[in-house]
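# Structural features, examined
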Amino acid sequence: MSPNYNEEKIQIIVTGGTIDSYYDIDACTTLCHPQTAIPEFITKFGQIPESEFELTEICMKDSRKINHQDLEKISTAISLSNCNRHIITHGTFTLFDNARRLQTLLAHNHQQVVIFTGAMWPLVGFSPNDAGFNLGSAFIAARLAQPGIYVAFNGKLYQPDDLEGLH
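Below you will find a few notes about this structure.

This part covers the side chain of Ser75. Turning to its location among the elements, Ser75 is positioned in helix α2 (residues 68-80). With a relative accessible area of 9%, Ser75 lands in the buried category. Ignoring anything within four residues of it in the chain, the contact list for Ser75 reads Leu102, Leu105 and Leu106.

A separate point is unusual backbone geometry. Of the consecutive residues Ser127 and Pro128, the connecting peptide bond is found in the cis state with omega at -5°. Looking at the secondary structure, you find Pro128 in the loop between β6 (113-117) and α4 (131-144). The phi dihedral of Cys28 is positive, around 55°, even though this residue is not glycine. Within the secondary structure, Cys28 is located in the loop between β2 (21-24) and β3 (29-32). One non-glycine residue, Asn154, adopts positive backbone phi at about 55°. Topologically, Asn154 is positioned in the loop between β7 (148-153) and β8 (156-158).

One way to put it is that helix α1 (residues 38-45) packs onto α4 with a least axis distance of 12 Å and a crossing angle of 80°. The pairing of α1 with α4 is recorded here as roughly perpendicular in orientation. The segment α1 lies against α4, with Ile38, Phe41 and Ile42 engaging Gly132, Leu135 and Phe139. Counted by class, the contact of α1 with α4 contains 5 nonpolar, 1 polar and no charged residues.

Further remarks concern α4. Taking 1.5 Å of rise per residue, 14 residues should cover 20 Å, and α4 covers 20 Å from first to last C-alpha, within 8% of that figure. Buried residues along α4 sit against β1 (10-16), α1, β5 (85-89), β6, β7 and β8.

Counted by the stated rule, this structure contains 3 aromatic pairs. Centroid distance Tyr23 to Phe126: 6.4 Å. Interplanar angle 75°. Geometry classified as edge-to-face. With Tyr23 in strand β2 and Phe126 in the loop between β6 and α4, this pair connects stretches of sequence that are 103 residues apart. For the cation-ring pair, Arg64 lies above Phe93, with the distance from its terminal atom to the ring centre recorded as 3.7 Å.

Each value, and the rule that gives it
Residues numbered from 1 in each chain as written. Predicted model: local features only at pLDDT ≥ 70, side-chain atom pairs only at ≥ 80, totals over all residues. Heavy atoms only, no water. Helix = DSSP H or I, 4+ residues; strand = E, 2+ residues; numbered from the N terminus. Buried < 20%, exposed > 50% of the residue type's maximum accessible area, 1.4 Å probe, protein only. Contact = heavy atoms within 4.5 Å. Axes fitted to C-alpha atoms, helices over the stretch in contact; angles between N-to-C directions. Parallel < 35°, antiparallel > 145°, perpendicular 65-115°, else oblique. Nonpolar A, V, L, I, M, F, W, Y, C, P; charged D, E, K, R; others polar. Expected span 1.5 Å × (residues − 1). Phe/Tyr/Trp six-rings, centres within 6.5 Å; stacked < 30°, edge-to-face > 60°. Lys NZ or Arg CZ within 6 Å of the ring centre and 35° of its normal.

Quick look at the structure:
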């Protein structure tokens, strides 16, 4: 028996990465925001009401610092959600690597649509940037893709094994 999923709602799982960062002039690098900026962007610019998504913030880290415990938290968040469509915002350094790792943590026949996405430039404070486009692509993919794990980036939908990385 399959659970009763809310087909209209998408779970957004936040892990940090450049997409959810700001540029620190003193450090000459991007640093993750203390809290995600994604829900405000989605409602303001994507015109997606809060009733159509649920937010789960796992961590705010550079993807090179995401560890096995973080991936287990992502897997648990997916399994406990009443959504069967999920977007994971993630840093680009280990995007494909962690998509492959998550495949091993989810049940073989999980029946979930899981879309990883990220950006080369932060969502807030850089214009133009690829972040909003990639996030929008992830929403479309989450609504239309068949169950499985994917990476939405630069207008394309990849399988986790398609690329090693984006850098």
